[in-house]
Amino acid sequence: MVINTKHLYIINTSTTTMTQIRTTQPSTEDYFKHNNITQKTINDATNSLIEISNMRDKEYYESYYTKALDEFLISLDYKGHKKIYSKILKKIGIGKNILESGYGSGILGCYIAKSNNQYKGIETNNFGYEMAKNRAKQNNLNPNIFELNNFFDYNNKHEILLTCKFLGGNNFQPNKDRIKKATEISSHIIGIEQIDFSDYEPSKLAQYKNEFKKHELNFEILHEPIMSNGNNSKYFLFEAKK
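Residues numbered from 1 in each chain as written. Predicted model: local features only at pLDDT ≥ 70, side-chain atom pairs only at ≥ 80, totals over all residues. Heavy atoms only, no water.

> Go over the nonpolar core, please, and point to the residues and values.
Counting residues in hydrophobic clusters, the biggest one holds 32 residues, and the most contacted among them are F32, I88, I92, I112, Y119, F146 and L162. Listed by contribution, the elements that provide at least two residues to this core are α1 (28–34), α4 (78–92), α5 (107–113), α6 (126–138), β7 (160–164), β8 (188–196) and β10 (233–241). In this view, I92 contacts I98, I112, N116, I160, L162 and I190; residues no more than four positions away in its chain are not counted. Counting residues in hydrophobic clusters, the runner-up holds 20 residues, among them F151, Y154, F166 and F238. (Core = buried A, V, L, I, M, F, W, Y, C linked by side-chain atoms within 4.5 Å. Buried < 20%, exposed > 50% of the residue type's maximum accessible area, 1.4 Å probe, protein only. Helix = DSSP H or I, 4+ residues; strand = E, 2+ residues; numbered from the N terminus. Contact = heavy atoms within 4.5 Å.)

If you want it as structure tokens, here you go:
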């Protein structure tokens, strides 16, 4: 395989086929700005969450709440997420076959799909699904990159599995069933996860390392845990692969 960086084509020398890849990748800051994601304070978040809690229409509440969670988690830790998104893209590269499980409103998915035309996302939340499709259109991407599908019912293999706060349980512990299923989908997993900061110590991350080791994957921290403003957790970026 030869990569022609001038014209940005991938040429398969064994079959003499040529495939054009997506190359319109904005900076992380420009991408956030285009998607109306800006740095916010805890007061900003508190006021919006009060507005959400006062809503009485369940359908509108859930649709707004999904988007608020996605965008405010980034807005509150704007600089940290800029670094993490950039690191994820650098690790993934371009032209990879990627599955993202639990894409929410599609913020990370659209960012990655701009340079990876084999990206696909699966999600079970109908409200997130509709938002993700709208975000794809806003970013000049095919909305069909996002699907409604259950993670445990999914059986295709992918070069890379991307997850965001998905492989951990509600108690900030690694979810054994999800990790097992993840390793069946891909032997290269990149993810953002959360841990409880109240009793955090570096050894806590060993629980993830040990869980992936059971499936013969090496676990590495790509971005050390960062305090999540306005939340009782720290989030970190990891990679698990052969």
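> Let's hear about unusual backbone geometry: which residues, and what values?
The phi angle of most residues is negative, glycine excepted, and most peptide bonds adopt the trans form. A positive phi angle, close to 60 degrees, is found at N36, a residue other than glycine. On the secondary structure map, N36 appears in the loop between α1 and α2 (42–53). Given a relative accessible area of 59%, N36 falls into the exposed group. In this structure, K165 is a non-glycine residue whose phi angle is positive, near 55 degrees. Its location among the elements puts K165 in the loop between β7 and α7 (176–185).

> Kindly report on the pattern of salt bridges, identifying the contributing residues and their values.
Taken as a whole and assessed by the stated rule, the structure comprises nine salt bridges. Of the charged contacts in the structure, one is a salt bridge between K181 and E184, with a shortest N-O distance of 4.0 Å. Of this pair, K181 and E184 are both found in helix α7, three residues apart, which corresponds to roughly one turn of the helix. Notably, a salt bridge pairs E239 with K241, separated by 4.0 Å at the nearest N-O pair. Here the residues in one salt-bridge network are K91, E239 and K241, joined through shared partners. (Salt bridge = Lys/Arg side-chain N within 4 Å of Asp/Glu carboxyl O.)

> Could you give me a rundown of the confidence of the model for the protein, with the residues and numbers involved?
The predicted model of the protein averages 80 in pLDDT, with 73% of residues at 70 or higher. Here residues 1–21 is modelled with pLDDT under 50, and outside its nearest four sequence neighbours on either side it reaches 26 contacts, counting other chains as well. (pLDDT = per-residue confidence, 0-100.)

> Can you lay out the pairing of strand β5 (residues 118–123) for me, pointing to particular residues and giving the numbers?
Taken across its six residues, β5 has five buried, putting it largely inside the fold. Alignment of strand β4 (residues 97–101) against β5, held across five bridges, turns out to be parallel. Bridge pairing in β5 links I98 to Y119. Of the crossover connections in this fold, the one passing from β4 over α5 to the parallel β5 is right-handed. In terms of handedness, the path from β5 via α6 over to strand β6 (residues 146–148) forms a crossover that is right-handed. (Pairing = 2+ DSSP bridges. Right-handed = clockwise from strand over helix to strand, strands pointing away.)

> Any chance you could break down the pairing of β8 for me, citing the residues and the numbers?
Along any regular strand the residues' side chains alternate between the sheet's two faces. Counting buried residues along β8, eight of its nine residues qualify, which places the element largely inside the surrounding structure. Pairing geometry for β7 and β8, over four bridges, is parallel. Looking across to β8, one finds that C164 is bridged to I192.

> Go over the packing of α7 against helix α8 (residues 206–213), please, and point to the residues and values.
Here α7 crosses α8 at 45 degrees, and the two axes come no closer than 10 Å. When the interaxial angle is binned, α7 and α8 end up oblique. For the pair α7 and α8, the sense of crossing is right-handed. Mapping the contact onto sequence places K176, I179 and T183 in α7 and Y208, E211 and F212 in α8. Looking at side-chain class alone, the contact of α7 with α8 contains three nonpolar, one polar and two charged residues. (Axes fitted to C-alpha atoms, helices over the stretch in contact; angles between N-to-C directions. Parallel < 35°, antiparallel > 145°, perpendicular 65-115°, else oblique. Left-handed = near helix turned anticlockwise from the far one by under 90°. Nonpolar A, V, L, I, M, F, W, Y, C, P; charged D, E, K, R; others polar.)

> Please set out α6 residue by residue, giving values where relevant.
Relative to the 18 Å expected for 13 residues at 1.5 Å per residue, α6 spans 19 Å between its end C-alpha atoms, a close match to the ideal helical length. Those residues of α6 lying buried are G128, Y129, M131, A132, K133, R135 and A136. For α6, the capping residue at the N-terminal end is N125, with a side-chain oxygen 2.8 Å from the backbone nitrogen of F127. Of the residues flanking the end of α6, it is N140, one or two places downstream, whose phi is positive at about 60 degrees. (Expected span 1.5 Å × (residues − 1). Polar contact = N/O pair within 3.5 Å; in protein donor to acceptor, adjacent residues only side chain to side chain.)

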